[in-house]
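# A closer look at the structure
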Amino acid sequence: MLFLAGTALACGDGEPRMLAGPSPAIESTTEVSPPLAVPTTTPLPIPTILPPLAVPGWAVFHRGRDLWIGKLDGSYERALTRGALGSGFAGEAIDTAGNSTVYFTALTEQIGEEPIVEGGIAEVYRQPLDGSSDAERVTKIRVGGERAVLFRFGDRDAAVSPDGAHLAYADETGLWLRDLVTGFTRRLLTNRTCDEESPGLCQSFRWPSWSPDGEWLALARMHSRGVVADFIRPLEPVTEYTSEAGGSSRGWSPSGDQLCVSKGGSNTDGIGLMTARGRGFRDIGAELLHAGRIPAEARITTGCVWNADGRWAFSYWHDGRGHDRRIIVLSSDGSFLSSTRSALPNSGPVGWLPDGAGFVLVAGDGEGRPYSRILLLNGSLHELALATDDVVAVLPD
């Protein structure tokens, strides 16, 4: 077992930082938005931001290029990486006793100077969720290729299987699978680069995502005509199942029998549900339009976050121009449940609060700087008790 306490890793060599308590309460003016099919034509008022909440659960988040983890109530936080050139969350594995281990990556070496980066080294670590022992380096990945600046091993470029036995990751050359016990690595899919003679044949695979039972991998296949969702069984001889539905934001249902796919764009093709083989795509956006739950001007942007009880959510611009961002909640069968105005521009849900009462949102400040808030289903908007850039995952206790 190898423990590393270098520049790109924060081990348990100090006391966790205790954050200050919440500020005095102020009155909320945020309201739950009814599901009307009428676009907003005037700018919304500046939302009232309430003090932090004492909510359960954990948040994995960035501060600059480093990755951190902390309790959502602000009582505890620790750095997962320190001084990394880039970092990413690679998922959570839970053993038979219910103990949670988080996996993350740190880019520790880089060849070349931006914007021309020829490659680098990404190291993969694991650590108990509660920080009860130091982080352990489990493998090292060499990232290469002529456009390796696109593969800094950020969030979603690597994913650990639910049992912690395998790591799927994407680099400039394709999609790979590494056995974290034996170290054996094999290529699952190969990227094809574009050239002048065959510009339409280029494709690359990104963002692997394991099904809850560890049987399937969903991934995004990028090609000259856009992005589509592909599926493979990585532990068997690879057979690629290709859907006709595009999508860069994807989420597995808790049961693993459905996958939500969101690709942005118009309401008639931006959000839907499909099976693991990419079959039976159900156009949820078109159904909501037909039922009068969203207007024709709407543009679906982000989402596909599932709650443990089967509810799932996505966000969209109600007026098509970004002035009125709303979050729709649906049941596991796609039935409409509620619509809540987020009141933040360029925002979308990253994950449900573990108690199911609302979401952690990530928003942009208009200059490319992310920040995070909590939005409850009753429409109230709250500060996050942690000082974060973008939250990338929400985990239960």
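Looking now at the overall build of the chain. A count of helices and strands for the chain gives one helix and 29 strands. The buried share of the chain, taken over its 397 residues, is 53%. Summarising the internal contacts of the chain: among those between residues at least 6 apart in sequence, 47% fall at separations of at least 24. If you sum the accessible surface of the chain, you get close to 17,400 Å²; carbon and sulfur atoms cover 52% of it.

All right, on to the packing of aromatic side chains then. Across all of its chains, the model carries six aromatic pairs by this definition. With 5.5 Å between their ring centres and 25° between their planes, Phe104 and Tyr125 make a pair best called stacked. One end of the pair, Phe104, is in strand β6 (residues 100-113); the other, Tyr125, is in strand β7 (residues 116-128), with 21 residues separating them in the sequence. Assigned by exposure class, Phe104 and Tyr125 land together as buried. Pairwise contacts between aromatic rings join Trp306, Trp312, Phe314 and Tyr316 into one cluster.

If you trace the four strands from one edge of the open sheet to the other, you get β9-β10-β11-β12, paired in antiparallel fashion. At either margin of the open sheet sits one strand with a lone partner, and together these are β9 (158-160) and β12 (185-190). On average, each strand axis in the sheet is tilted by 20° relative to the strand beside it, whichever way the strands run. Strand direction decides the pairing type here: β9 and strand β10 (residues 166-171), joined by three bridges, are antiparallel.

According to the stated counting rule, one finds eight salt bridges in the structure shown. We note a salt bridge from Arg137 to Glu123, for which the minimum N-O separation is 3.0 Å. Taken together, the residues span a long stretch of sequence, with Arg137 in strand β8 (residues 136-144) and Glu123 in strand β7 at a distance of 14 residues. Residue class for Arg137 comes out partly exposed when judged on its relative accessible area of 21%. According to the relative accessible area criterion, Glu123 is buried, its value standing at 7%.

Here the focus is the state of the cysteines. Throughout the structure, instances matching the rule amount to one disulfide. Across a sulfur-sulfur distance of 2.1 Å, Cys260 and Cys304 are joined as a disulfide pair. Because the torsion about its S-S bond is -60°, the bridge between Cys260 and Cys304 counts as left-handed. Here Cys304 lies in strand β21 (residues 299-306) and Cys260 lies in strand β18 (residues 259-262), a separation of 44 residues in the sequence. Residue Cys260 shares its accessibility class with Cys304, and that shared class is buried.

Criteria and cut-off values
- Residues numbered from 1 in each chain as written.
- Predicted model: local features only at pLDDT ≥ 70, side-chain atom pairs only at ≥ 80, totals over all residues.
- Heavy atoms only, no water.
- Helix = DSSP H or I, 4+ residues; strand = E, 2+ residues; numbered from the N terminus.
- Buried < 20%, exposed > 50% of the residue type's maximum accessible area, 1.4 Å probe, protein only.
- Contact = heavy atoms within 4.5 Å.
- Areas by Shrake-Rupley, 256 points an atom, 1.4 Å probe, with all protein chains shown as cover.
- Phe/Tyr/Trp six-rings, centres within 6.5 Å; stacked < 30°, edge-to-face > 60°.
- Pairing = 2+ DSSP bridges.
- Axes fitted to C-alpha atoms, helices over the stretch in contact; angles between N-to-C directions.
- Salt bridge = Lys/Arg side-chain N within 4 Å of Asp/Glu carboxyl O.
- Disulfide = S-S within 2.5 Å.

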